[in-house]
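Descriptive structure summary
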Amino acid sequence: MADDEEDIVLSELDDDELVQQMHDDLYDGLKEEIEEGVNILLGRKWTPYEVLTKALVEGMRIVGIDFRDGILFVPEVLMAANAMKAGMFILRPLLAETGAPSVGKMVIGTVKGDIHDIGKNLVSMMMEGAGFEVIDLGINNPVENYLAAIEEHQPDIIGMSALLTTTMPYMKVVIEAMKEKGIRDDHIVLVGGAPLNEAFAESVGADAYCRDAAVTVEIAKEMIAERRRSNSEAMAN
Ligand code: B1M
């Protein structure tokens, strides 16, 4: 590390410089610096959502490009992911601090064979922030975990995440199992993850593909409202 880099005092940087530095620190997997940067931006009255998207998610996007291009390898990306999670840990309660009554319940998990969880965690955080109750099943979930959680929690929404082209087909396994049990139409099924798209979501029988966490919240709210409208119409008739 160059001497001038050692001397950087995060709190003395202006907002743009600090965000740029946080992208570099995320890239280098510097957990404590990310925590410090997040706290400084919050202290400067940035909203938790701005900190999340501009400093953390954008930084991780850059990491992703260099991972794809073979410039970064798994251990480095793991360190970046840990630094990102440390930042998210600070933001989570702030994003969830709406105090709104639950607008619906979602069970979410990353599918079997897949251990990527940053995107899923972001979705959970944003959904909680929007007033949803979220039951997070974590990573590497076989179909049995989804079915057990559906039975236990009776959620409005089942969310599935997959980041690998090899694991995304597993979403169909879960949806088919729901069909076999006759419970598919009792729940809204939302899917997401970088390699997915709308055509894929349709092909596996999901209700919608969610491009990112903010879109997930919008779609979830719309679909729950629609479902409640048609249920009350059905009861009235
Ligand atoms: Co992995 N990895 N990785 N990785 N990794 C990718 C996905 C990859 C695209 C990198 C690349 O080559 N460019 C590539 C997949 C290629 C492919 O399948 N076509 C890849 C690979 C190959 C692998 C390994 C196989 C590498 C190896 O071992 N040789 C291995 C697989 C392990 C496994 O799962 N079995 C592996 C391992 C890892 C790490 C452990 C090192 C680490 C994960 C750490 C963790 O998650 N705790 C890691 C990471 C960090 C990545 C990248 C760099 C970043 C993923 C991420 O966190 N993005 C990723 C490259 C990339 O995606 N550009 C890559 C940030 C996050 C905010 O975005 O996850 O897309 P994302 O989530 C978004 C949306 O997609 C959406 O909303 C989120 C928030 O806006 N969304 C949902 C996601 N899930 C949703 C669920 C919903 C709704 C929306 O439900 C309703």
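For the structure itself, look to the data block above.
As a starting point, this report considers the structure included with it. Note that this is a predicted model, so its numbers are computed, not measured. Every chain is numbered independently, its residues counted from 1 as its sequence is written. It should be noted that, the model being predicted, local features are given only for residues of pLDDT at least 70 and side-chain atom pairs only at 80 or more, the latter also being counted only at that level, while totals for whole chains, interfaces and linings use all residues. Hydrogens and water molecules were not included; the side-chain quantities draw on all heavy atoms of the structure.

Secondary structure counts use DSSP, requiring at least four H or I residues in a row for a helix and at least two E residues in a row for a strand, with both numbered from the N terminus. Looking only at helices and strands, the protein features ten helices and five strands. Radius of gyration: C-alpha atoms only; globule rule: 2.2 Å multiplied by the number of residues to the exponent 0.38. Its C-alpha radius of gyration of 19 Å places the protein within 12% of the 18 Å reference for a compact globule of 237 residues. For every residue, the accessible area obtained with a 1.4 Å probe (protein chains only) is divided by the maximum for its type, and the residue is called buried under 20%, exposed over 50%, and partly exposed between those limits. Each of the 237 residues in the protein was classed as buried or not, and the buried ones make up 45%. Partitioning the contacts of the protein with sequence separation of at least 6, the portion at a separation of at least 24 is 71%. Summing over all exposed atoms, the protein offers an accessible surface of approximately 12,400 Å²; the carbon and sulfur share of this is 53%. By definition in these notes, contact holds between two residues if any of their heavy atoms fall within 4.5 Å. Exposure was quantified through the Shrake-Rupley algorithm and a 1.4 Å probe, taking into account, for residues, occlusion by the shown protein chains and nothing else.

A word on the site of the ligand. A single heavy atom is enough: if one lies within 4 Å of a molecule or strand, its residue is considered near that molecule or strand. As a structural note, the neighbourhood of the ligand is formed by 34 residues, with Arg68, Ile115, His116, Asp117 and Ser161 the closest of them. His116 is positioned such that a nitrogen or oxygen atom in its side chain is 2.8 Å from a nitrogen atom of the ligand. Contact between the ligand and Ala194: an oxygen atom at 3.3 Å from a main-chain N or O atom of the residue. Here a cavity denotes grid points, spaced 1 Å and computed from the protein atoms alone, that fit a 1.4 Å probe unable to get out, and a pocket denotes an open set having protein on both sides within 12 Å along at least 5 of 7 lines; residues with an atom within 4 Å of a point are the lining. Whether a molecule sits in a cavity or pocket is decided by its atoms, more than half of which must lie within 2 Å of the grid points. According to the grid-proximity analysis, the pocket containing the ligand is the largest pocket. Mapped by element, the contributors of at least two residues to the shell around the ligand are helix H4 (48–68), helix H5 (74–95), helix H6 (118–129), strand S3 (157–161), strand S4 (188–192) and helix H10 (213–236). With five residues, the single largest contributor to the shell around the ligand is H5. Ten residues, namely Ala, Val, Leu, Ile, Met, Phe, Trp, Tyr, Cys and Pro, are considered nonpolar, four, namely Asp, Glu, Lys and Arg, are considered charged, and the remaining ones, Gly among them, are considered polar. Here the shell around the ligand is built from residues that sort into 18 nonpolar, ten polar and six charged. Two N or O atoms count as a polar contact when they lie within 3.5 Å, although within protein this holds only if one can serve as hydrogen donor and the other as acceptor, and sequence-adjacent residues are included solely when both atoms are side-chain atoms.

Take the coordination of the cobalt atom of the ligand next. Metal sites are built from N, O and S donor atoms within 2.8 Å, or 3.2 Å for Na, K and Ca, and they leave out water, so they may look incomplete. A lone protein donor binds the cobalt atom of the ligand: His116 (NE2), at 2.2 Å. As for its position among the elements, His116 is in the loop between strand S1 (104–110) and H6.

Now for the packing of helix H3 (residues 31–43) against H5. All axes here are fitted lines through C-alpha atoms, helices being fitted over the stretch that makes contact, and every angle between N-to-C directions spans 0 to 180 degrees. Remark: H3 packs on H5, axes separated minimally by 7 Å, with the N-to-C direction vectors making an angle of 30°. Taken together, the axes of H3 and H5 are roughly parallel relative to one another. For the element pair H3 and H5, the recorded crossing hand is right-handed. Along the contact surface, H3 presents Lys31, Ile34, Glu35, Val38, Asn39 and Leu42, while H5 presents Ala83, Ala86, Gly87, Ile90, Leu91 and Leu94. Grouping the constituent residues of the contact of H3 with H5 by class yields eight nonpolar, two polar and two charged. With respect to orientation, any angle under 35 degrees is reported as roughly parallel, any angle over 145 as roughly antiparallel, any angle of 65 to 115 as roughly perpendicular, and every other angle as oblique. Note on convention: near helix rotated counterclockwise from far helix by under a right angle means a left-handed crossing. Clockwise means right-handed.

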